[in-house]
Amino acid sequence: MPDKPTFINAYGEIVSKESLIEEIQALLNRLGEKNTGQATILNVEMMRALDIASLNSIRDSLLQKCGNEVQANLEWLHSLKDGK
């Protein structure tokens, strides 16, 4: 069995296409279920056609959106505490 190609990203993580695809699906589901209540289904073959750097970029963008979602919720919660 040949070794799976890996990539070391800007955070020093060693990632593979498969791990990035799984993480992208999980992040999309996390964002999608909150907004629509439905799970996201990716076309895995299409995702495998992308290079590792592109998949890593997609994952980073989704992580940033998840982080912004958390920050927005925290700001809202703090506004309730402050009575604003």
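Residues numbered from 1 in each chain as written. Predicted model: local features only at pLDDT ≥ 70, side-chain atom pairs only at ≥ 80, totals over all residues. Heavy atoms only, no water.

Considering the overall build of the chain
Filter applied, for reference: For helices the rule is a DSSP run of H or I covering at least 4 residues; for strands it is a run of E covering at least 2, with both sets numbered from the N terminus onward. Contact definition: two residues touch when any of their heavy atoms are within 4.5 Å. Per-residue and other accessible areas follow the Shrake-Rupley method at a 1.4 Å probe size, with only the shown protein chains counted as cover for residues.
Of the regular secondary structure elements, the chain holds 3 helices and 2 strands. What you see in the chain, going N to C, is helices and strands ordered as β-β-α-α-α. Across the chain, contacts joining residues at least 24 apart in sequence account for 62% of those joining residues at least 6 apart. When the accessible surface of the chain is summed, it comes to about 6,200 Å², and 56% of that surface belongs to carbon and sulfur atoms.

Side note on the nonpolar core
Across soluble globular proteins, you tend to see nonpolar side chains buried next to one another. Quick reminder of the rule: Grouping buried Ala, Val, Leu, Ile, Met, Phe, Trp, Tyr and Cys residues that are joined through side-chain atoms within 4.5 Å yields what is termed a nonpolar core. Per-residue accessibility, obtained with a 1.4 Å probe over protein chains only, is compared with the maximum for each type, and a residue is labelled buried under 20%, exposed over 50%, and partly exposed between these values.
Formed by Val15, Leu20, Ile21, Ile24, Leu27, Leu31, Leu42, Met47, Ile52, Leu55, Leu62 and Cys66, the largest nonpolar core amounts to 12 residues. When contributions to this core are tallied by element, the ones reaching two or more residues are helix H1 (17-35) and helix H3 (52-82). Considering every element that reaches this core, the biggest residue donor is H1, with 5 residues. Setting aside chain neighbours within four positions, we find Val15 in contact with Pro5, Thr6, Phe7, Asn9, Leu20, Ile52 and Asn56.

Regarding the pattern of salt bridges
So the rule is basically this: Every case where a carboxyl oxygen of Asp or Glu lies within 4 Å of a side-chain nitrogen of Lys or Arg is listed as a salt bridge.
Scanning the model with the defined rule gives 5 salt bridges in all. Measuring nitrogen to oxygen at the nearest pair gives 2.6 Å for the salt bridge that ties Glu45 to Arg48. Here Glu45 and its partner Arg48 are both found in helix H2 (residues 44-49), 3 residues apart, which amounts to about one turn of the helix. The salt bridge partner of Arg59 is Asp60, with a shortest N-O separation of 3.2 Å. Judged by relative accessible area, Arg59 falls into the buried class, the value being 2%. Given a relative accessible area of 22%, Asp60 falls into the partly exposed group. Each member of the salt-bridge network shares a partner with another, and the members are Glu13, Glu23, Arg59 and Asp60.

Remarks on the side chain of Ser16
Structurally, Ser16 can be placed in strand S2 (residues 14-16). Under the relative-accessibility criterion, Ser16 is labelled buried at 15%.

A few points about the environment of Glu13
Heads up, the rule is: As used in this structure description, the phrase polar contact means that two N or O atoms lie within 3.5 Å; if the pair is within protein, one of them must be able to donate a hydrogen and the other to accept it, and residues adjacent in sequence are counted only when both atoms belong to side chains.
Relative to the helices and strands, Glu13 is located in the loop between strand S1 (6-8) and S2. Judged by relative accessible area, which is 34%, Glu13 ranks as partly exposed. If we ignore the near neighbours within four places in the chain, the residues touching Glu13 are Phe7, Ile8 and Arg59. Of the polar contacts made by the side chain of Glu13, one reaches the side chain of Asn9; its length is 2.7 Å. At 2.9 Å, the side chain of Glu13 forms a polar contact with the side chain of Arg59.

None of the figures reported here should be taken as evidence of function without further support.
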